[in-house]
Amino acid sequence: TNWSIVWHSLFAFAKGLCTDNAFEDLNLKEKVRVISKLVHVLNISQRGRTKEELAHFYYEVVRYRSMFEDLRKLLEGNKYMATFGGDRIAKFDMANIRAIVFHFSSVISVAQNPEQNMTHGVVMKTIESHANSLNLKPIDRMGDAYEEYVETKDEATSLVLFMRHLLADKKKEQTFYKLIHTQ
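Residues numbered from 1 in each chain as written. Predicted model: local features only at pLDDT ≥ 70, side-chain atom pairs only at ≥ 80, totals over all residues. Heavy atoms only, no water.

Caption draft 1: Region of the structure containing the nonpolar core. Among the nonpolar cores identified, the biggest contains 41 residues, and Phe11 and Phe68 are the most heavily contacted of them. Contributions of two or more residues to this core are made by α1 (3-18), α2 (28-44), α3 (51-63), α4 (65-77), α6 (86-93), α7 (95-111), α8 (120-130) and α9 (153-181). When residues in this core are grouped by element, the largest group, 9 residues, is from α1. Beyond its immediate chain neighbours, meaning those up to four positions away, Phe68 contacts Phe11, Leu42, Val61, Met94 and Ile97. (Core = buried A, V, L, I, M, F, W, Y, C linked by side-chain atoms within 4.5 Å. Buried < 20%, exposed > 50% of the residue type's maximum accessible area, 1.4 Å probe, protein only. Helix = DSSP H or I, 4+ residues; strand = E, 2+ residues; numbered from the N terminus. Contact = heavy atoms within 4.5 Å.)

Laid out in structure tokens, this is it:
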């Protein structure tokens, strides 16, 4: 499985959930449930990954840090979402994501030379060299009620295709919505 593609798809999906008009057809309770499942998938997807795969995951989480912050604000800031568990998801289920962002953002800022921009390779080396000092909460203590999942080759391919179709359909729907409402 090319986890980078899966993670990018999940991050794009999460970014869509953060926008005001995205997924308008979902009520708040459904939106909280979708976000909860998305966060669980991100947490579970770290299991059994190689050091290189995890370094890429950490890199992408740091790159998307503002989106994760928006997602957290959405969950905590909306009093209606809080009634459906949004604040719990932001506080507990997203704890590892927050830890990744905090740990590697501070490590990268210390390593950064103000005279030159850091390249992707330098950032990846910095992440790889500091990955052992990252302290994450064990997933089984995060209140995760899902059974351990072992993917098959066909399921991984199907998941990637499903995410691509889902994002393409959402983009078409938003384009159509804009077209109708701008006339």
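Once the structure has been displayed, the description carries forward.
Caption draft 2: Focus on the packing of α3 against α7. In contact at an axis separation of 9 Å, α3 and α7 are set at 90° when each is read in the N-to-C sense. Relative to α7, the element α3 is oriented roughly perpendicular. Residues Phe57, Tyr58, Val61 and Val62 of α3 pack against Ile97, Ile100, Val101, Phe104, Ser105 and Ile108 of α7. A breakdown of the residues in the contact of α3 with α7 according to their chemical character gives 9 nonpolar, 1 polar and no charged. (Axes fitted to C-alpha atoms, helices over the stretch in contact; angles between N-to-C directions. Parallel < 35°, antiparallel > 145°, perpendicular 65-115°, else oblique. Nonpolar A, V, L, I, M, F, W, Y, C, P; charged D, E, K, R; others polar.)

Caption draft 3: A look at the environment of Ser133. Of note, Ser133 is situated in the loop between α8 and α9. Here the alpha-carbon distance between Ser133 and His103, two residues 30 residues apart in the chain, equals 8.6 Å.

Caption draft 4: Structural detail: the pattern of salt bridges. Within this structure, the stated rule accounts for 3 salt bridges. Here Glu69 makes a salt bridge to Arg72, at a shortest N to O gap of 2.3 Å. Taken as a pair, Glu69 and Arg72 lie in helix α4 at a separation of 3 residues, close to a single helical turn. Glu76 is the salt-bridge partner of Arg72, the closest N and O atoms lying 2.2 Å from each other. With Arg72 and Glu76 both in helix α4, this residue pair falls 4 residues apart, about one helical turn. The partly exposed category is assigned to Glu76, whose relative accessible area is 37%. Each of Glu69, Arg72 and Glu76 takes part in salt bridges that share partners, so that together they form one network. (Salt bridge = Lys/Arg side-chain N within 4 Å of Asp/Glu carboxyl O.)

Caption draft 5: Spatial organisation of α6. Regarding α6, the residues found buried are Gly86, Ile89, Ala90 and Asp93. Summarising the axial view, the buried residues of α6 lie within an arc of 120°, below the 170-degree limit, and thus occupy one face. (Arc of directions from axis to C-beta.)

Caption draft 6: Structural detail: the packing of aromatic side chains. Overall, the coordinates contain 6 aromatic pairs when judged by the stated rule. Where Trp7 meets Phe57, the ring centres are 4.7 Å apart and the plane angle is 55°; that geometry is what we call tilted. Here the residue Trp7 occupies a position in helix α1, and Phe57 occupies one in helix α3, the gap between them amounting to 50 residues. We note that Trp7, like Phe57, is buried. (Phe/Tyr/Trp six-rings, centres within 6.5 Å; stacked < 30°, edge-to-face > 60°.)

Caption draft 7: Examining the confidence of the model for the protein more closely. Counting all residues, the mean pLDDT for the protein is 78, and 80% of those residues have values of 70 or more. Within the protein, α9 has the poorest average pLDDT of any element, 73, and α3 the best, 89. (pLDDT = per-residue confidence, 0-100.)

Caption draft 8: Looking closely at the packing of α1 against α3. In contact at an axis separation of 10 Å, α1 and α3 are set at 20° when each is read in the N-to-C sense. Overall, the two elements α1 and α3 adopt an arrangement that is roughly parallel. Judged by the twist between their axes, the crossing of α1 over α3 is right-handed. Side by side, α1 and α3 meet where Trp3, Ser4, Trp7, His8 and Phe11 of the first sit next to Glu53, His56, Phe57, Glu60, Val61 and Arg63 of the second. Class assignment for the residues of the contact of α1 with α3 results in 5 nonpolar, 3 polar and 3 charged. (Left-handed = near helix turned anticlockwise from the far one by under 90°.)

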